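# Structure at a glance
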Amino acid sequence: MEIFGNFKHVETKELVSLFCDFDWQNKFKNHKKSQRAVWNEMASNLADNFGIIRTGEQCKNKINNLKKEYFRLRRLPTGSGQDDWPYFKDFGSVFGTSAIAQPVLVLDSMDDLSFSELSKLLIFNHSHMLVMKFVFQDKCNHFQRNHG
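Residues numbered from 1 in each chain as written. Predicted model: local features only at pLDDT ≥ 70, side-chain atom pairs only at ≥ 80, totals over all residues. Heavy atoms only, no water.

## Things to note about the overall build of the protein
What the protein contains, in helices and strands, is 7 helices and 0 strands. Burial analysis of the protein (148 residues in total) assigns 28% to the buried set. Expressed as a percentage of contacts within the protein between residues at least 6 apart in sequence, the contacts between residues at least 24 apart total 56%. (Helix = DSSP H or I, 4+ residues; strand = E, 2+ residues; numbered from the N terminus. Buried < 20%, exposed > 50% of the residue type's maximum accessible area, 1.4 Å probe, protein only. Contact = heavy atoms within 4.5 Å.)

Right, here's the structure in full:
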């Protein structure tokens, strides 16, 4: 049975909660299972646990539309409505909450580091794929000027 029409707020809330859950994110990243199968499994979970009857395709389309809204809001200056959108923090837990990357590591001095050691310090945040390219490039340029 397929339900047509807009998602109710409670349906969207449960769908977003599942989608943003760490275990579900791992299912989407697992290449042994098709994305379609994961969406269908999510729809079954919604039906079994919350009585929400939707297809996997409907869940996928709803999440894709919400993701578009999240990224639209994320591009706006801080305080421009992000806090008013009820799913901003949920999607932020998956995609990052800021347009500006927050470094995991800050280097004050590289005098005692070799270039290979510096390269090893570059940490990729695989869930958000944030790369501090400009900071890293600046540090590399500084290192090469001083140790070149």
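## Quick word on the side chain of Arg54
By the secondary structure assignment, Arg54 is in the loop between α3 (35–50) and α4 (56–75). Polar side-chain contacts of Arg54 include one of 3.0 Å to the backbone oxygen of Gly5. Side-chain polar atoms of Arg54 contact the side chain of Glu11, separated by 3.0 Å. (Polar contact = N/O pair within 3.5 Å; in protein donor to acceptor, adjacent residues only side chain to side chain.)

## A word on helix α1 (residues 9–20)
Look at α1: 16 Å from first C-alpha to last across 12 residues, which is about the 16 Å you get at 1.5 Å a residue. Listed as buried for α1 are Glu11, Thr12, Leu15, Val16, Leu18, Phe19 and Cys20. Tucked into the core, α1 has its buried residues touching α2 (22–29), α3, α4 and α5 (88–95). (Expected span 1.5 Å × (residues − 1).)

## Thoughts on the pattern of salt bridges
Counted under the stated rule, the structure contains 4 salt bridges. The salt bridge partner of Glu41 is Lys33, with a shortest N-O separation of 2.5 Å. Using a relative accessible area of 35% as the deciding quantity, one classes Lys33 as partly exposed. Here Glu69 and Arg72 are joined by a salt bridge, their closest N and O atoms 2.9 Å apart. Placement of the pair is Glu69 and Arg72 together in helix α4, with a separation of 3 residues, close to one helical turn. (Salt bridge = Lys/Arg side-chain N within 4 Å of Asp/Glu carboxyl O.)

## Digging into the environment of Phe28
Turning to its location among the elements, Phe28 is positioned in helix α2. Distance in space between the C-alpha atoms of Phe28 and Val38 is 6.5 Å, their sequence separation being 10 residues. Among all residues touching Phe28, those that are not within four sequence positions of it are Phe19, Gln35, Val38, Trp39 and Met42.

## A closer look at the packing of aromatic side chains
How two aromatic rings sit relative to each other is given by the distance of their centres and the angle of their planes. Under the counting rule described, the total for this entry stands at 13 aromatic pairs. Of the aromatic side chains, those joined through ring pairs into one cluster are Phe19, Phe28, Trp39, Tyr70, Phe71, Trp85, Tyr87, Phe88, Phe91 and Phe95. (Phe/Tyr/Trp six-rings, centres within 6.5 Å; stacked < 30°, edge-to-face > 60°.)

## Observations regarding the packing of α1 against α4
With their axes 11 Å apart at the nearest point, α1 and α4 run at an angle of 85° to one another. Between α1 and α4, the angle falls in the class roughly perpendicular. Together, Thr12, Leu15, Val16 and Phe19 of α1 and Cys59, Lys62, Ile63, Leu66 and Lys67 of α4 make up the contact between the two elements. Looking at the contact of α1 with α4, its residues break down into 6 nonpolar, 1 polar and 2 charged. (Axes fitted to C-alpha atoms, helices over the stretch in contact; angles between N-to-C directions. Parallel < 35°, antiparallel > 145°, perpendicular 65-115°, else oblique. Nonpolar A, V, L, I, M, F, W, Y, C, P; charged D, E, K, R; others polar.)

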